[in-house]
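# Structure assessment
For reference, the chains in residue letters:
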Amino acid sequence: MTTAQFGDNDGVNDNRELGLRSWWSQQWPAIVAPMLAAAYLPLAVAASLPDELLRLNHLVLPLAVSYAVCGFCWALGYRLGRSADKGALVGIIGVVAFSSVGWIVTQLATSRADRAVGGRVGVIALWGLAALALDLAVVRSSVDLARLVRFLAVTYVFLVTYVGGKTAWSLLLPARDQPPAVSLDIRAPATPAEPPRDVYLIVLDKYTSSAVLAAHYGFDNSAFESELDARGFLIPGASRPNYVHTFLALGSMLNLRYLDELPQRFGRSNRRWDIAYPLVENNRLAAFLQSRGYRFVFVPTAFGATRRNRHADLQVPRAADVRPEVHAVWAHLTAAPLFRSLGCRVLGCNVDPLPYLPSSAKVIDSVFHELGHLPKSRHPTFVLAHFLVPHEPYLYRADCTHRPPYWPMHDDGPGADHVRAAYLDQVRCVNRRIIQLVDAIRAQSRIPPIVLILGDHGHGRLGRDLPDLQQVSPPAMLERISAFAAYSLPGVPADSVPNDISPVNVLRFVLRYYFEADLPPLSEATYWSGAIHPYDFVRVR
Amino acid sequence: MLYVDPGAGSILLQVASAAVLGGLLVTKRW
């Protein structure tokens, strides 16, 4: 076909088309490579998630921000270098640097390199400078970069095909992976004398004991305690946690024993928290109750140890609805929180970045409501609910209306009064919600249920990362190891629950009293460990 | 660890494998 056959006009179009085709055959890698590079990390994060935490719409924000960063860098590289290849390379360098800075900061945190460059800000600045230097080298380069860009384009085709395919597979054919079986080594009669009661274990993160709230905060919690007392609760005034970190406290109470083997098993200098998380998910308490015909209802949270429970018969809410996990992990790896806090400095909003993406107050509200209105079942019910309140971020005012999330970097210093007020407001709101929940639970129970409400540990006001014991003042230590507790144990005489009982022994008591389990009381003990070396236990009480 | 860990090792392995494949393809060694 020749242009003469179709006249001049068509010839121009054809030439244009030919020009476009030849341009595309030359330049496609410079367009395709950065486009795929921008998509890679969000898709890689999505592909790494368990199917039940994945939602397609959660990818929108990470992809949009990635494309914005990459597009901006591409345009800058193109303008300065006057070549599409240079634009592509600057775009890829930009998006890779943006996508990895959070990961680099986390890896170097508390290391010697981190201290040498002046901490987080130094690491970010150096990473940014390295990316800029590389960009400059690309822009000023006089070598032909087409081959390198073609190589990157082909490499990213492989990468994105793999992670995109895996993500699509997860979304189209979700498969719930099976948790390991839990060995049941608790001796108890198969059918106890009493009819089974529903069991509610409600863990309130960082709820300090009323005695310490009065002594350290000047806060009178007696109205709340009186309301619980009127509903038949026992309130051991000197209740203490077994461990000062949530995942250890939960791992211990849910397995009805101390975690004495962990320092040896993992090493005292081990820094990883997540290796102990299976103790929370695969716990003996839930396994025992399920073996006795209980329906296990679990409340997933934004905190890793209680993010989901694959043994649960019902999760309220569904784990994927707690927060957008792709978004949460992606934000943790990238410079997005940094840009957000810089933007906040300009706009004057709260500049303390949240250490992780929490679930919203709306989600917490709905959990409080739904636990009081669970679907009916012919089975007795065991509810394990770990609420991330009154722990930070502060999400509630005293009347339970929502406030902008606030998670201070420090609990002391000039902002100390503000922090204390925010914590007490959240405690007041939690008190209100708990009374509503207890009333709803009682209303939906045929026989009076067992309700255990307890703080996993107290506050301590020691900042975001719990220090080692040597760096903690005695009052702060006391505050951390004094936790609120209130137990509704139908039929149990008040004097059979010691005033300083800890969670491990309360749960052993419940199984002993109601299920005739062979679980004699253990001696009471409380262990301290800092956030950096969580298995370096020191007995403090 | 407050997140589901995407696994830096897994991402690095993916990148390394894809880079080898990409290199082989671009240099027409297969």
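Per chain, residue numbering runs from 1 following the sequence as it is written. Numbering of ligands from 1 and lettering of chains from A proceed in the order in which they are written. Confidence filtering applies because this is a predicted model: local features only for residues at pLDDT of at least 70, side-chain atom pairs given and counted only at 80 or more, and all residues used for totals across whole chains, interfaces and linings. Only hydrogens and water are set aside; all other atoms, that is, all heavy atoms of the structure, feed into the side-chain values.

Residues and elements named next belong to chain A. A helix here means a DSSP run of H or I that spans at least four residues, while a strand means a run of E at least two residues long, and both kinds are numbered starting from the N terminus. Its place among the elements puts Val 367 in helix α15 (residues 361-371). Along the sequence, Val 367 and Phe 387 sit 20 residues apart, while their C-alpha atoms lie 9.0 Å from each other. By definition in these notes, contact holds between two residues if any of their heavy atoms fall within 4.5 Å. In this view, Val 367 contacts Val 299, Val 316, Pro 317 and Phe 387; residues no more than four positions away in its chain are not counted.

Let's shift gears to helix α3 (residues 84-108) of chain A. Residue and element names in this part refer to chain A. Helix span is expected to be 1.5 Å times the residue number reduced by one. Between its terminal C-alpha atoms α3 stretches 35 Å, which fits the 36 Å expected from 25 residues at 1.5 Å a residue. Approximately 40° is the largest bend angle found in α3, and it occurs at Ser 100. Here the term buried applies to any residue with accessible area under 20% of the maximum for its type, exposed to any over 50%, and partly exposed to those in between, with areas from a 1.4 Å probe on protein chains only. For α3, the buried fraction is high: 20 of the 25 residues fall into the buried class. Identification of polar contacts relies on pairs of N or O atoms within 3.5 Å, with a donor-acceptor requirement for protein atoms, meaning one able to donate a hydrogen and the other able to accept it, and with residues adjacent in sequence counted only if both atoms are side-chain atoms. One side-chain oxygen at the N-terminal end of α3 lies 3.3 Å from the backbone nitrogen of Asp 85; it belongs to Ser 83. Downstream of α3 by one or two residues, Thr 110 has phi in the positive range, about 65°. Note that the bend at a residue is defined as the angle between axes fitted to the seven residues ending at it and the seven residues starting at it.

The rule is simple: put a 1 Å grid over the protein atoms alone, call a set of points where a 1.4 Å probe fits but cannot get out a cavity, call an open set with protein on both sides within 12 Å along at least five of seven lines a pocket, and count a residue as lining if it has an atom within 4 Å of a point. Grid points are joined across faces, edges and corners, and a volume is the space filled by probe spheres set on the points. When its volume is computed, the second largest pocket comes out at roughly 800 Å³. Together, 32 residues line the second largest pocket, and Val 96, Ser 100 and Tyr 156 of chain A together with Ile 11 and Val 15 of chain B are the ones closest to its centre. Sorting the residues of the lining of the second largest pocket by element identifies α1 (7-48), α3, α5 (119-140) and α6 (146-172) of chain A together with α1 (8-26) of chain B as the ones contributing at least two each. It is α3 of chain A that provides the largest number of residues to the lining of the second largest pocket, a total of 10 residues. Residue polarity follows a fixed list, in which Ala, Val, Leu, Ile, Met, Phe, Trp, Tyr, Cys and Pro are nonpolar, Asp, Glu, Lys and Arg are charged, and the others, Gly among them, are polar. Here the residues of the lining of the second largest pocket are counted per class, giving 28 nonpolar, 3 polar and 1 charged.

Residue and element names in this part refer to chain A. Each nonpolar core is a collection of buried residues, namely Ala, Val, Leu, Ile, Met, Phe, Trp, Tyr and Cys, held together in the definition by side-chain atoms within 4.5 Å. Of all hydrophobic cores here, the largest spans 71 residues; its most connected members are Leu 201, Phe 382, Leu 489 and Leu 511. The dominant element in this core, judged by the number of residues it contributes, is helix α18 (residues 503-515), at 7 residues. Apart from residues lying up to four places away in sequence, Leu 201 is in contact with Leu 254, Leu 285, Phe 382, Val 383, Leu 384, Ala 385, Leu 452, Leu 454 and Leu 507.

With that settled, consider the state of the cysteines. By definition, a disulfide links two cysteine residues through a covalent bond between their sulfur atoms. Residues and elements named next belong to chain A. When two cysteine sulfur atoms lie within 2.5 Å, the pair is treated as a disulfide. Inspection of every chain in the model, using the stated rule, returns 1 disulfide over all chains. Across the disulfide, Cys 400 is cross-linked to Cys 429 (sulfur-sulfur distance 2.2 Å). With the S-S dihedral at roughly 110°, the linkage between Cys 400 and Cys 429 falls on the right-handed side. Linking Cys 400 in the loop between β5 (394-396) and β6 (402-406) with Cys 429 in helix α16 (residues 416-444), this pair joins segments that are 29 residues apart in sequence. The same class applies to Cys 400 and to Cys 429, which are both buried. Cys 73 provides the cysteine sulfur closest to Cys 70, a residue in no disulfide bond, and the two sulfurs are 6.9 Å apart.

This part covers the packing of α15 of chain A against α16 of chain A. Residues and elements named next belong to chain A. For helices, the axis comes from a line fit to the C-alpha atoms of the stretch in contact; other axes are also lines fit to C-alpha atoms, and the angle between any two N-to-C directions lies between 0 and 180 degrees. In contact at an axis separation of 8 Å, α15 and α16 are set at 30° when each is read in the N-to-C sense. With respect to α16, the element α15 is oriented roughly parallel. Of the residues in α16, those touching α15 at Asp 365, Phe 368 and Leu 371 are Arg 433, Ile 434, Leu 437, Ile 441 and Gln 444. Partitioned by chemical class, the residues of the contact of α15 with α16 number 5 nonpolar, 1 polar and 2 charged. By the definition adopted for this analysis, an angle is roughly parallel if under 35 degrees, roughly antiparallel if over 145, roughly perpendicular if from 65 to 115, and oblique otherwise.

Opposite the 18 residues of chain B that make contact, chain A presents 32 residues. Salt bridges, as used here, are contacts in which a Lys or Arg side-chain nitrogen is within 4 Å of a carboxyl oxygen on Asp or Glu. Put simply, chain B and chain A have 0 salt bridges between them. Where chain B touches chain A, the interface holds 1 residue pair in polar contact (both at pLDDT 80 or more). The residue inventory of the side of chain B that touches chain A, partitioned by class, reads 14 nonpolar, 4 polar and no charged.

It is worth spelling out unusual backbone geometry at this point. All names here are of chain A. Val 316 connects to Pro 317 through a cis peptide bond whose omega is -5°. Within the secondary structure, Pro 317 sits in the loop between β3 (314-315) and α13 (325-333). Positive phi values are uncommon outside glycine, yet Arg 82 reaches one of about 55°. Assignment of secondary structure puts Arg 82 in the loop between α2 (60-81) and α3.

Here the focus is the sheet that holds strand β1 (residues 199-204) of chain A. Residue and element names in this part refer to chain A. Only when DSSP finds a minimum of two bridges between them are two strands counted as paired. Taken in spatial order, the 6 strands make up an open sheet running β3-β2-β4-β1-β7-β8, and their pairing is mixed. In this open sheet, the two edge strands, each paired with only one partner strand, are β3 and β8 (485-488). Alignment of β1 against strand β7 (residues 450-455), held across 6 bridges, turns out to be parallel. Along β7, the bridge assignment pairs Tyr 200 with Val 451. With respect to the sheet, α15 is in contact with β1, β2 (295-299) and β4 (381-387), its orientation differing from that of β4 by roughly 160°.

What follows covers helix α12 (residues 284-291) of chain A. Residue and element names in this part refer to chain A. Among the 8 residues that make up α12, 6 are buried, leaving the element largely enclosed by the rest of the structure. When α12 is considered as a whole, its buried residues turn out to be Arg 284, Leu 285, Ala 286, Ala 287, Phe 288 and Leu 289. Elements that come into contact with the buried residues of α12 comprise β1, α9 (246-255), β2, β4 and α18. Positive backbone phi, at 90°, marks Gly 293, one or two positions downstream of α12.

As a further point, take the confidence of the model for chain B. For chain B, mean pLDDT is 84; residues scoring 70 or higher make up 83% of the total. Per the prediction output, this complex has pTM 0.89; the corresponding ipTM is 0.90. pLDDT is a per-residue confidence score from the predictor, ranging from 0 to 100.

Looking now at empty space enclosed by the protein. All names here are of chain A. Tallied over the entire structure, the rule returns 4 cavities of 30 Å³ or more. Size it by volume and the largest cavity reaches roughly 90 Å³. Lining of the largest cavity is provided by Val 299, Pro 300, Thr 301, Ala 302, Val 322, Ser 359, Val 363, Ile 364, Val 367, His 386, Phe 387 and Leu 388. Counting residues per element, the ones that place at least two in the lining of the largest cavity are α15 and β4. Of all the elements, α15 adds the most residues to the lining of the largest cavity, at 3 residues. Here the lining of the largest cavity is built from residues that sort into 9 nonpolar, 3 polar and no charged.

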